[in-house]
Amino acid sequence: MTSQKFATKAVVRPSITRLLSSTALAATLMAAPSFAQDADQNTAQDAEEELQLEEISITGSRIKRTGISTPTPTTILNSENIELTGARNVIDVINELPQLGLSFSNESTSFSFGNAGLNFGDLRNLGAKRTLSLVDGRRSVGVPDDENFLSFDVTTLPPELIERIEVITGGASAVYGADAVSGVINYILKDDYEGVTVTAQAGTSDEGDSENYSTSVTAGGNFDGGKGNAVVSFEYSDSNGLFYRDRDQAISGLFFVGNPEDTGEGDGIPSQVALDGHRYINFGVPNATIWGPDWSIYSFNEDGTPFQAVPVDQIVDWYATRSDFGGIPGYTDRARIPVNRYNGFAKLRYDLSDNVRLKLQTRYSRTEANDTIGPAFAINAGIDTVSADNPFVTDELRALLGGAESFTFSRQFNEFGPRQSDIEREFFAITGGVEGTFAEGWSWDVFYQWGGTTTTNTNRNDRLDARYEQALDAIIDPDSGEVVCRDQSNGCAPLNPFGPEGTVSQAAVDFITTDHTTLTRNEQQLLSASVTGPIFDLPAGEVQVALGAEYRKDMLDFKPSWVWQEAAGFFASQFSPVKASNSVKEAFAEVLVPVVKDAPFAKEINLEAAIRLADYEYAGSNTSWKLGGDWQVIDDIRFRAVYARAVRAPALGELFNPGSRGASSLSDPCDALNVNENANRAANCAALGIPDDFIAQTRSVTTLVFSTGNENLDVEKADTLTLGVVLTPRFVPGLTVTADYFDIDLKGGITRFGAQNTLDNCVDLPSLDNGFCDAVSRGADGNIQEVLDTFINASGFRTKGVDFEVNYGFNLDDTVGVPGDLSFKVLGSYLDSYTFLQVADADDAVADQQAGETWNPNWRVNLDTTYRNGALTVNWQTRFTDSMRNSNTADAEFYSISKVPAQWRHDLQVNYQWNDRVGLYAGVDNVFDKMPPLHPWSYRGNGFYSLVGRYVYAGVRIRLQ
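Rules used throughout
Residues numbered from 1 in each chain as written. Predicted model: local features only at pLDDT ≥ 70, side-chain atom pairs only at ≥ 80, totals over all residues. Heavy atoms only, no water. Helix = DSSP H or I, 4+ residues; strand = E, 2+ residues; numbered from the N terminus. Rg over C-alpha atoms; globule rule 2.2 N^0.38 Å. Buried < 20%, exposed > 50% of the residue type's maximum accessible area, 1.4 Å probe, protein only. Contact = heavy atoms within 4.5 Å. Areas by Shrake-Rupley, 256 points an atom, 1.4 Å probe, with all protein chains shown as cover. Lys, Arg positive; Asp, Glu negative; His and termini not counted. Charge placed at Lys NZ, Arg CZ, Asp CG, Glu CD. Phe/Tyr/Trp six-rings, centres within 6.5 Å; stacked < 30°, edge-to-face > 60°. Lys NZ or Arg CZ within 6 Å of the ring centre and 35° of its normal. Core = buried A, V, L, I, M, F, W, Y, C linked by side-chain atoms within 4.5 Å. Domains from an automatic or database assignment.

Novice: What's the story with the overall build of the protein in this structure? I'm lost.
Specialist: Along the backbone of the protein there are 15 helices and 52 strands. The C-alpha radius of gyration computed for the protein amounts to 31 Å, which stays within 12% of the reference 30 Å derived for 961 residues, consistent with globular compactness. Principal axes of the C-alpha set define a box for the protein whose edges measure 100 × 60 × 55 Å. By residue count, 57% of the 961 residues in the protein fall in the buried class. A sequence separation of at least 24 residues applies to 71% of the contacts in the protein between residues at least 6 apart. Put simply, the protein shows about 38,600 Å² of open surface, and 53% of that area lies on carbon and sulfur atoms. When the 74 positive and 130 negative side-chain charges of the protein are each reduced to one mean point, those points stand 7 Å apart.

Have a look at this one:
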C-alpha cells in the first residue's frame, strides 16, 4: 500500500498544475504551456477536486506546502529550457541568466594556478563565494579553487537528470546556512526515473575549432512493486580549447595609449586613444631586447650582434610599438580551456514502510583540463642581468653599452616551452538518509553526506630562477676554451639569450626548466536533521514550522610542490602547505503563518520567518534571520517581500594560508603617468628617490604580491531586501509578469586590502611613515619588487536593482489560424547601483560606484521564443548586454572610446521528435557570428563575450523504454 507521503506523482500532478496556473512560476515549471480549451479545463478541474494535493519543497523555505507562492523571488529553468540551449555544460545555461556575473567557466579560468576546468556560479557579481549552490535543497560538497575556496562545481551533475534549476535572490542563510548572501542556485534532480536514455551531441565553430563532443547514458526503473526506484547515469564530454591566436581580432593589439595630440585638460582631445596593431617591445619577443643609449630598442642577429629593432620615435608609451617588430599580445595564451570530463551518478530510493523512505545517492566526476600561457621570460630587471664580460656578449654589443659593466635585457624564452597547468580533479560525494511522516501532516528528514576532491596540478616548463641566474653567468673555460657556467655545479649549461629563437641550447633548457606537481585534498562531512509540520490552526489555515540542526566539517590538505614551497620557480611564486579544518554547529527554525484568507482585497496573506544560530570553530557565534510575507490581493495580483540577514563564513584558504607569492598586474603610483594624481604623491615619491619622469616596469610586467591568511577573521554580514509583484491578469490568459526590487548591503566583507591600494596609500598619505610603506619593497632602481597583502574584514558592497520576468503563451490556431503554439519568456535585470567600499567603516570612505561600468552593465535581458507544433519545436533565443562605461568618474575627454558597446546575440535550435523513442535536434549559437565588442578591454572576450564566434551543433536523444 502506498502511503500519503509517498503517493506517486502521476496521481497528484494535475492538482499541482492547477495551483501553478496562478503563479509566476507556472510557465517555467511545466515542460510546455497548456493551451486547453475552457471546457477541457473545467473537466480537468472537476476531476482534480477528488485528487490529493502533494506537498512540495520550494527553494527559499524548508516548509513543505501545497502551493508554491512564496515571498522569495525565484527564477526557474526547467529541463526543456536547458535542452533547448544545446548546452552540455550546465554552467553555460546558468551564465546566460541576467542575474549572473562573471562566473567561473571554460572561458574565464585561464591565467590561474589551478582553476582550469572549474565551473562556479556567481550571482550579482559579488563573487562565487557569496553564492550558495544546492542539490535537491541540500548543500553540496565543494571543490577548491586556486585560493582554496570551496564552491560547488555544477559539472559534477548529469544534465540529463536535472529536473529544473531554481535561482533565488537575496540572503537565505537563515534557511540554508552560510554563503547564501547574494542568493541560491538549487539544482533539483528527477525522481522516479524510468527507462533508458542515450544522448550524443557534437559541435564545432565556423572556423572548424572549439569542437565539443558528449555522450551520456541514463537508465532507471522501479522495483519491488513500485516501492523502490534506482537510476544510474554515465557521461563523457570532450571540450576542445581555443588559443587567442586562433582569432585575428584577439591578437590585434587594441590598446589605450597616450594621445600625442592631447594638449591638456579642457581641450576636447582625449588623453587616451584606442589604437590597434600594437606589439610589445620587451614582452613576448623570442629574442633578447635591450634599451640603447638613444632609448631605441635593440635586438640581436643570429651571430649575437645588435641591431636597432624599434627606433625611439616608434615606441608608444614606452612599452609598445605599431611596427612589425615585437611580441604579439596573447599569442601563446589560451582563451578557452580544453576539458575532458567523466561523470558517474547513481541514486536509489526505497520505501521501507508506508511512512519511511530510504534515499541514497553517489556522484563521481573526473576532470582533465589544461591551461597554457606564454613561456617564462626576462623582464629587463633583477635577475635578468648579464655581465659585460660574458662570452656571449659581442664586441658590437659592448660598444653599444658604452663601457657598462653589466646590463639587463628582456626576452621570451620560447625554447623553454609554454607554461602549462595540467589539472586532474577527482570528485566524489555520497549521501545517505531516511525521511518519513508521522502524526498528522508532519514529516522528518535525516541525512549524512561525505565527499571531497583530490586535485593534482602539474605545472610544466617552469623556470628555476636560481639555475637561470647560474646559467646566465657564463665564462670561457681557461682549459678547454669553451663557454661554460662560472658555477658548474648541478650540471649547469650556459644560457645564450642573444639571438632569435634557437640560440638557447637544449642542454640549457634541460638545466633551467622543470615540471612540478601540487596535490590538494578536501573533504566535507555534513549531518542534518529536520522536522516540519503544522502546530495549530488559524481561521486562514494551518501554522506550520520547520525545525532542525546541522553539523558540518570541512578539511583541507594543500601540498604545494617543492618548487612552490621554496619559491624556486619563475617569478618566485611561493605557496606554503596548509592542513586545516573548520567546523560549524547550527540550529534553525522557520514558521509560516497564514494571516488572512478569502477576504475582500486579501484573498491570501501569509507571513513567514526563519532564524539560524551558528557556532563556528574559528569565527565564533552568529545569527542569521529572515522575515517575509506575501499578499494575494485578488487572483490577478500578488505582492511579496523579504528582509533578511545573511552571513558568509571565512573560507579555509582565507583563514589558514600561511603565505603565497604570485604575480599581479599593478600600476606604480610613482610612474610619470600617475605621480600627480594626489597632492601628497609627488612629494613622497621624490622622497623615495624616484624622479618625476619615472617609467615604471609595471607598465609591461606583473609584480610580485605576497599574500597571507588571517585566523582572526569574522563572518561577513549582509542585510538583503526584496520587494516584488506578480501579475497574472485573467483578461490575458497565459500571461504572467513579475518584477522584484533587490537591495543587498554587505558589511565586514572579507577582502585583501589590495596590493594596489597598499601601493597608493603608501605615497598618498601625508608622510611615508605609515604601515602601508612597510608592505612595499622597491629595488635600487625604484621599481617595485614585492607587495605584502592579507585578508581583513573591512570591505563593503551594496547592490540594488530590479529583476523582471514575463511569460506568455497562446495557441496560434485560435488567434491567427496557424497550427501550433507560441510562447515567449523574457528574463531581465536592471542594475541601478553597485557600490564598493574598500574600508566600509572608515570616516573618509568613498563609495566606488560601479553600476554601468565594466563588468556591471545596467541592463541584461534575455528573450526566448518557442514554437511548438506536434513533433516540431523551434526555439530562438536573444541575449542583450548593455553598453558599459570605462569609468563612472573619468573625465569625458579622457578616453577616445568611453564605453564597451552594447551587444545582441542570437541562438537557434530546431528539435524534431522522430518517433516515441528518437528525437533529433540541431542548433546554431551566435547565429550572426558576433565577436566581442571592439574595445581595448573586451576585444579578446571574457565571460560576457565569447571569442568562439558562430557555433553549430547537432545531437540525438534516444529513449529505449
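Novice: How do you make sense of the packing of aromatic side chains when you look at a structure like this?
Specialist: For any pair of aromatic rings, the description consists of the separation of the ring centres together with the inter-plane angle of the planes. This structure, assessed with the given rule, holds 44 aromatic pairs. On the basis of an interplanar angle of 40° and a centroid distance of 6.5 Å, the ring pair of Y280 and Y319 is categorised as tilted. Pair noted here: Y280 is in strand β14 (residues 279–280) and Y319 is in the loop between β18 (315–316) and β19 (320–321), with a separation of 39 residues, a long-range link. Take Y280: its relative accessible area is 19%, and that puts it in the buried class. Aromatic pair F413 and F416: ring centres 4.8 Å apart, planes at 15°, arrangement stacked. This pair shows no difference in class: F413 is buried, exactly as F416 is. Members of the aromatic cluster, each reached through a chain of ring pairs, are F255, Y280, F283, Y319, F377, F570 and F571. Sitting over the ring of F588, R62 keeps its end group 4.4 Å from the ring centre. Here the guanidinium or amino end of K129 rests over the ring plane of F149, the centre of that ring lying 5.5 Å away.

Novice: For this particular structure, what's the right way to read the nonpolar core?
Specialist: Considering soluble globular proteins, one finds that nonpolar side chains tend to be buried as a cluster. By size, the foremost hydrophobic cluster in this structure holds 37 residues, and its most contacted members are I290, L397, F409, L495 and F498. Top contributing element to this core by residue count: helix α9 (residues 506–512), with 4 residues. Mapped onto the domain boundaries, this core takes at least three residues apiece from domain 1 (56–246 + 336–373 + 422–460 + 518–659 + 709–752 + 791–960) and domain 2 (248–335 + 374–421 + 469–516). Sequence-distant contacts of F409, that is, excluding residues within four places in its chain, are made with A288, T289, I290, A378, I379, N380, D384, V386, Y468, L472 and P497. Counting residues in each nonpolar core, the second largest holds 25 residues, with L97, V135, V167 and F345 among its members.

Novice: Is there a simple way to explain unusual backbone geometry in this structure?
Specialist: Following T854, the chain continues into W855 via a peptide bond in cis, with omega recorded as 0°. Along the chain, W855 turns up in the loop between β45 (848–849) and β46 (859–869). Look at N148: it is not a glycine, yet its phi comes out positive at around 60°. Take N148: it is sitting in the loop between β4 (143–144) and β5 (150–151). Here N490, not a glycine, exhibits a phi torsion of approximately 60°, which is positive. By the element assignment, N490 lies in the loop between β30 (483–485) and α9.

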